[in-house]
Amino acid sequence: MRAEALNTWTKVLSIISLCFIYYWLGYELERSQFWLLFSLYTAAFGLSFYLYKSGIRLSYLILLSFLLKFIFLFSIPELSQDFYRFVWDGMLYNQGINPYLHLPKELVESHTIEMEDFQGLLYDRMGDLNASNYSTYPPVAQLIYTLSYAIGQSSLILNIIVLRLFNIAAEIGIVWFGLKILSHLKLPKSQILFFILNPLVILESTFNLHFEVVMLFFLALSLYYLYTSKVYLSALGLAGAVASKMLPLMFLPLVLPYFNKKLKVLNRDQILNYLKYIALLMLGLIISYSFFWNPEILSKSSKTLSLYFTSFEFNASIYYVLREIGYWWTGYNQIEIIGISLTIVTLLSILFLSFRHRRIDFQTLMTYMLFAATAYYLLSTTVHPWYLMLPLFLSIFTTYKYMLVWSWLVFLSYSAYNGYGVEENYLLIAIEYVVVIGIIVFDFRKRNKTNYLEV
């Protein structure tokens with residue numbers, strides 16, 4: 001009886017501690033307090049993993065994950081400035097201004113926007129990077145920002161609450177479809193907790209308002225209907241994912257071998273089904289972009305998108321090694337050459353996975369999607385913590401666990417924000433990636449050994 005009572009109290013104290021940690025992160029902590037941030041984040045990881053292993057019913061832990069998210073309901077995001085741009089874009093569309101066509105800096109300098117207190121707050125807080133680049137947030141994101149501003153108007157906290165509720169609703173959808181997919185794959189349903197109870201997701205989605213979870217809701221919907229052979233609904237779901245964040249487009253080549261139900265490579269039925277899938281995807285994207293369409297969108301958005309491969313750099317791994325070699329060899333930063341080259345390598349890696357087998361089952365598709373996303377971020381010039389929600393989500397449908405470690409260590413990148421600007425700590429970045437790559441190698445070797453023993 002004593003041991004049982006102690007176990008119960010340990011669970012209760014763990015939940016109370018988690019609530020306290022998330023309250024402190026949401027309402028008391030400043031981004032420049034890195035070591036306190038990482039310590040609390042690590043503690044949240046440890047407590048969450050303990051609760052996962054504690055034997056508490058899955059439904060209770062799912063409910064707990066959402067109760068923890070509601071702790072942040074009235075908090076103002078501290079770890080990211082991006083939400084100011086979200087509200088700004090929503091404000092523009094409500095005023096009849098296309099957010100894709102105008103730089104915030106231009107609108108302010110030309111006095112197109114009346115700089116009252118609220119507008120001035122958004123502009124000042126979004127930062128120079130946001131103010132001097134065109135919006136690249138896809139149409140589903142823009143529609144939600146627009147709706148948020150239509151409800152919240154000039155109340156920052158009301159805009160934040162509406163955006164937060166959209167993200168929480170998306171996570172409910174992720175749980176719904178995620179559990180169905182796990183059931184079909186005969187994987188433990190508790191693996192949904194690797195995503196939904198993960199401090200990375202709770203902080204970057206609910207607290208910092210990053211939109212990845214809306215994209216992941218549509219991706220989960222698409223994957224579920226793909227597995228259940230409702231291909232048209234799957235294609236429209238993927239369109240919704242791409243219209244939320246563009247990254248899921250990278251998975252399109254991987255779907256090709258999944259459509260092959262015969263022994264022959266690239267047979268007629270496979271190609272026709274794949275082309276229908278692409279056609280429906282394109283139709284969905286055309287409809288979503290029709291709300292904002294203007295011929296100038298492509299040229300202006302592409303200017304900003306190209307910067308992700310040729311100018312922006314943050315928390316990179318392989319790129320930073322190649323950048324130092326470039327400095328040693330030429331004396332200056334070779335980011336344009338290296339960034340484009342790594343993008344090509346990523347594309348070739350995805351194509352290799354797409355044509356490695358003439359046909360694949362759904363489990364293999366999920367594994368290849370995880371590999372593709374992992375390769376993309378290992379080869380990327382910019383890896384913000386919230387980016388990892390995509391491979392973390394995909395990992396729950398596989399037996400690979402390395403994303404759990406990466407989702408913890410990626411918060412080391414917040415050491416760059418010291419209160420005076422952005423200055424990365426390369427020692428901590430090196431620790432992050434040495435450990436992560438080591439865990440990936442270990443995970444692969446363990447999987448290969450298991451497969452060998454099964455044979």
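Residues numbered from 1 in each chain as written. Predicted model: local features only at pLDDT ≥ 70, side-chain atom pairs only at ≥ 80, totals over all residues. Heavy atoms only, no water.

Q: Would you mind going over the overall build of the protein in detail, with residue names and values included?
A: Looking only at helices and strands, one finds 21 helices and zero strands in the protein. Taking 2.2 N^0.38 as the reference for a compact globule, 455 residues should give roughly 23 Å; the C-alpha atoms of the protein span a radius of gyration of 22 Å, in line with that estimate. Principal-axis analysis of the C-alpha atoms gives the protein an extent of 70 × 70 × 50 Å. Scored against the burial criterion, the 455 residues of the protein give a buried share of 54%. Considering only residue pairs separated by 6 or more positions, the protein has 78% of its internal contacts joining residues 24 or more positions apart. Just so you have it, the protein exposes about 21000 Å², and 66% of that area is on carbon and sulfur atoms. Taking the average location of the 31 positive side-chain charges in the protein and that of its 27 negative ones, the two points are 20 Å from each other. (Helix = DSSP H or I, 4+ residues; strand = E, 2+ residues; numbered from the N terminus. Rg over C-alpha atoms; globule rule 2.2 N^0.38 Å. Buried < 20%, exposed > 50% of the residue type's maximum accessible area, 1.4 Å probe, protein only. Contact = heavy atoms within 4.5 Å. Areas by Shrake-Rupley, 256 points an atom, 1.4 Å probe, with all protein chains shown as cover. Lys, Arg positive; Asp, Glu negative; His and termini not counted. Charge placed at Lys NZ, Arg CZ, Asp CG, Glu CD.)

Q: Tell me about the nonpolar core, and name the residues and values.
A: Counting 148 residues, the largest nonpolar core has F195, L219, F393 and L394 as the members making the most contacts within it. Setting aside anything within four residues of it in sequence, one finds F195 in contact with I174, V201, V213, L216, M389, L392, F393 and I396. Core analysis: the second largest hydrophobic core is formed by five residues, L101, Y289, F292 and I297 among them. (Core = buried A, V, L, I, M, F, W, Y, C linked by side-chain atoms within 4.5 Å.)

Q: Describe a nonpolar patch on the surface, listing the residues and the values that go with them.
A: There is a patch of nonpolar side chains on the surface, built from F20, Y23, W24, Y27, L36, F74, I76, L147, I151, I157 and L158 and spanning about 970 Å² of accessible area. Of all elements in the fold, only α1 (2-27), α7 (139-152) and α8 (156-185) reach the threshold of two or more residues within the nonpolar patch. Per-element tally for the nonpolar patch: the top contributor is α1, with four residues. Structurally, the position occupied by Y23 is in helix α1. (Patch = residues over 30% accessible without salt bridge, like charges linked within 9 Å, V, L, I, M, F, W, Y side chains within 5 Å. Salt bridge = Lys/Arg side-chain N within 4 Å of Asp/Glu carboxyl O.)

Q: Got a sec to walk through the pattern of salt bridges? Specific residues and values, please.
A: One pass over the structure, following the stated rule, counts five salt bridges. When the shortest N-O distance is used, the salt bridge between E313 and R323 registers 2.9 Å. Of this pair, E313 sits in the loop between α15 (296-310) and α16 (318-330) while R323 sits in helix α16, and the two are ten residues apart along the sequence. On the basis of relative accessible area, E313 is assigned to the partly exposed category, the value being 28%.

Q: Tell me about the side chain of Q119, and name the residues and values.
A: Along the chain, the position of Q119 falls in helix α6 (residues 117-131). Residues contacting Q119, with those up to four places away along its chain left out, are W88, M91, Q95, I113 and E114.

Q: Any chance you could break down the environment of N425 for me, citing the residues and the numbers?
A: Among the structural elements, N425 can be located in the loop between α20 (402-409) and α21 (426-454). The spacing of N425 and F362 is 63 residues in sequence and 40 Å in space, taken between C-alpha atoms. Of note is the side chain of N425, whose polar atom sits 3.1 Å from the backbone nitrogen of L427. (Polar contact = N/O pair within 3.5 Å; in protein donor to acceptor, adjacent residues only side chain to side chain.)

Q: For the confidence of the model for the protein, give the residues involved together with the corresponding values.
A: Confidence in the prediction of the protein, expressed as mean pLDDT, is 91, and 98% of residues score 70 or more. Looking across the protein, the model is least confident in α15, with a mean pLDDT of 73, and most confident in helix α19 (residues 389-395), with 98. (pLDDT = per-residue confidence, 0-100.)

Q: Lay out the environment of S301 in plain terms, naming residues and giving numbers.
A: On the secondary structure map, S301 appears in helix α15. By relative accessible area, which is 9% here, S301 ends up buried. Along the chain, S301 and Q33 lie 268 residues apart, while their C-alpha atoms are 34 Å from each other. With residues up to four places along the chain from it excluded, the contact list for S301 reads Y100, S135 and T136.

Q: So, the packing of aromatic side chains: which residues are in play, and what are the values?
A: Inspection of every chain in the model, using the stated rule, returns 47 aromatic pairs. Connected via pairs of aromatic rings, a cluster forms that spans Y41, F45, F314, F411, Y414 and Y417. Residue placement shows R31 over the ring face of Y417; its charged tip is 3.9 Å from the ring centre. The positively charged end of K69 is found above the aromatic ring belonging to F66, 5.5 Å away from the centroid. (Phe/Tyr/Trp six-rings, centres within 6.5 Å; stacked < 30°, edge-to-face > 60°. Lys NZ or Arg CZ within 6 Å of the ring centre and 35° of its normal.)

Q: Mind laying out helix α4 (residues 82-94), listing which residues take part and the relevant values?
A: Across its 13 residues, α4 extends 19 Å between first and last C-alpha, which sits within 8% of the 18 Å expected from 1.5 Å per residue. Of all 13 residues in α4, eleven are buried; the element is thus mostly enclosed. The complete set of buried residues in α4 reads D82, F83, Y84, R85, F86, V87, W88, D89, G90, M91 and L92. Tucked inside the fold, the buried residues of α4 contact α5 (104-109), α6, α7 and α8. Two residues or fewer after α4 comes G96, characterised by a positive phi angle close to 80 degrees. (Expected span 1.5 Å × (residues − 1).)

Q: An account of α1 is requested, with residue identities and associated values reported.
A: Here α1 contains 26 residues, and its C-alpha end-to-end distance of 37 Å stays within 8% of the 38 Å for a straight helix at 1.5 Å per residue. Within the sequence span of α1, burial applies to K11, S14, L18, I21, Y22, L25 and G26. The inward-facing, buried residues of α1 abut α2 (34-53), α3 (58-70) and α10 (199-207).

Q: Requested: an account of the packing of α8 against helix α11 (residues 212-227), with residues and values cited.
A: Put simply, α8 and α11 touch, their axes get as near as 8 Å, and they point 25 degrees apart. The pairing of α8 with α11 is recorded here as roughly parallel in orientation. Considering only the axes of α8 and α11, their crossing is left-handed. For the pair formed by α8 and α11, the contact residues are N167, A170, E171, G173, I174, F177, K180, I181 and H184 on the first element and V213, V214, L216, F217, A220, L221, L223, Y224, Y225 and Y227 on the second. Here the residues of the contact of α8 with α11 sort into 14 nonpolar, three polar and two charged. (Axes fitted to C-alpha atoms, helices over the stretch in contact; angles between N-to-C directions. Parallel < 35°, antiparallel > 145°, perpendicular 65-115°, else oblique. Left-handed = near helix turned anticlockwise from the far one by under 90°. Nonpolar A, V, L, I, M, F, W, Y, C, P; charged D, E, K, R; others polar.)

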